[in-house]
Amino acid sequence: MKAQSVENHQVASSERFYESTVDVTKESAVDTAFVDLSVEPLQDHLESLPDSVREIVFLSPVGDGLAQIVEHLNATPSCSGALVLARSSNGEMMLGSELHSEDFVQATLQSLLCIE
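The rules behind each value
- Residues numbered from 1 in each chain as written.
- Predicted model: local features only at pLDDT ≥ 70, side-chain atom pairs only at ≥ 80, totals over all residues.
- Heavy atoms only, no water.
- Helix = DSSP H or I, 4+ residues; strand = E, 2+ residues; numbered from the N terminus.
- Buried < 20%, exposed > 50% of the residue type's maximum accessible area, 1.4 Å probe, protein only.
- Contact = heavy atoms within 4.5 Å.
- Areas by Shrake-Rupley, 256 points an atom, 1.4 Å probe, with all protein chains shown as cover.
- Salt bridge = Lys/Arg side-chain N within 4 Å of Asp/Glu carboxyl O.
- Core = buried A, V, L, I, M, F, W, Y, C linked by side-chain atoms within 4.5 Å.
- Axes fitted to C-alpha atoms, helices over the stretch in contact; angles between N-to-C directions.
- Parallel < 35°, antiparallel > 145°, perpendicular 65-115°, else oblique.
- Nonpolar A, V, L, I, M, F, W, Y, C, P; charged D, E, K, R; others polar.
- Arc of directions from axis to C-beta.
- Polar contact = N/O pair within 3.5 Å; in protein donor to acceptor, adjacent residues only side chain to side chain.

> A description of the overall build of the protein should follow, citing residues and the corresponding values.
In terms of regular secondary structure, the protein is built from three helices and seven strands. Ordering the α and β elements of the protein from the N terminus gives β-β-β-α-β-α-β-β-β-α. Scored against the burial criterion, the 116 residues of the protein give a buried share of 45%. For the protein, the proportion of contacts with a sequence separation of at least 24, taken over those separated by at least 6, is 62%. Total accessible area on the protein stands at roughly 6,300 Å², and carbon and sulfur atoms take up 49% of it.

> Can you explain the environment of G65? Please cite residues and give values.
You can see G65 is positioned in helix α2 (residues 65-75). Residue class for G65 comes out buried when judged on its relative accessible area of 0%. Separated by 34 residues in sequence, G65 and L99 place their C-alpha atoms 8.9 Å apart. Excluding residues within four positions of it along the chain, G65 makes contact with L59, L95 and G96.

> Let's hear about the pattern of salt bridges: which residues, and what values?
One pass over the full model with this rule turns up one salt bridge. The partner of D31 in a salt bridge is R54, with the nearest N and O atoms 3.1 Å apart. You can see D31 sitting in the loop between β2 (18-25) and β3 (32-36) and its partner R54 sitting in the loop between α1 (42-47) and β4 (55-59), a full 23 residues away along the chain. Among the residues examined, D31 registers a relative accessible area of 5% and is labelled buried.

> Before we move on, could you go through the nonpolar core and cite the residues and values that matter?
In a soluble, globular protein the nonpolar side chains are often hidden away together inside. Residues F34, I69, L73, V84, L95, V105 and L109 are the most contacted members of the largest nonpolar core, which totals 15 residues. Elements represented by at least two residues in this core include exactly β4, α2, β5 (81-89), β6 (92-95) and α3 (102-112). Counting residues in each nonpolar core, the second largest holds nine residues, with V35, L46, L49 and V53 among its members.

> Which residues make up the packing of α2 against α3, and what values go with them?
Where α2 meets α3, the axes come as close as 11 Å, and the angle between the chain directions of the two elements is 10°. Classified by the angle their axes make, α2 and α3 are roughly parallel. Across from L66, I69, V70, L73 and N74 in α2, the residues of α3 making contact are F104, V105, T108, L109 and L112. Taken together, the residues of the contact of α2 with α3 sort by class into eight nonpolar, two polar and no charged.

> Account for α2, naming residues and giving values.
Turning to α2, its buried residues number three or more, namely G65, L66, I69, H72 and L73. End-on, the buried residues of α2 take up no more than an arc of 125°, which puts them together on one face. Residues of α2 that are exposed and angled more than 90 degrees away from the buried face: E71, N74 and A75. Structurally, the start of α2 carries an N-cap: the backbone nitrogen of L66 is 2.9 Å from a side-chain oxygen of D64.

Written out as structure tokens, the structure is:
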């Protein structure tokens, strides 16, 4: 199992948000990327996703993005690794219309992917 990591990359923004990635895998590669549409510049971030990503799921800005992630992962048992890309500030990620702590997002992914 690959150790999970949380990376923050500062972006120019008057809101003082950062682009943040939570990466959790059972094996060595991420195969699903969940991307919040508020990430800017979106195309640059999409181009920098790992080559192992086979599926990109865009989170709707309407509704809780973490609930969307949970729903998708419950319907996709073959997922072995997930990456969440979203705006973040002070350890909280904006996913859809809700803020969630990065630690909670990471723990939720670990639980859904059965990673200890």
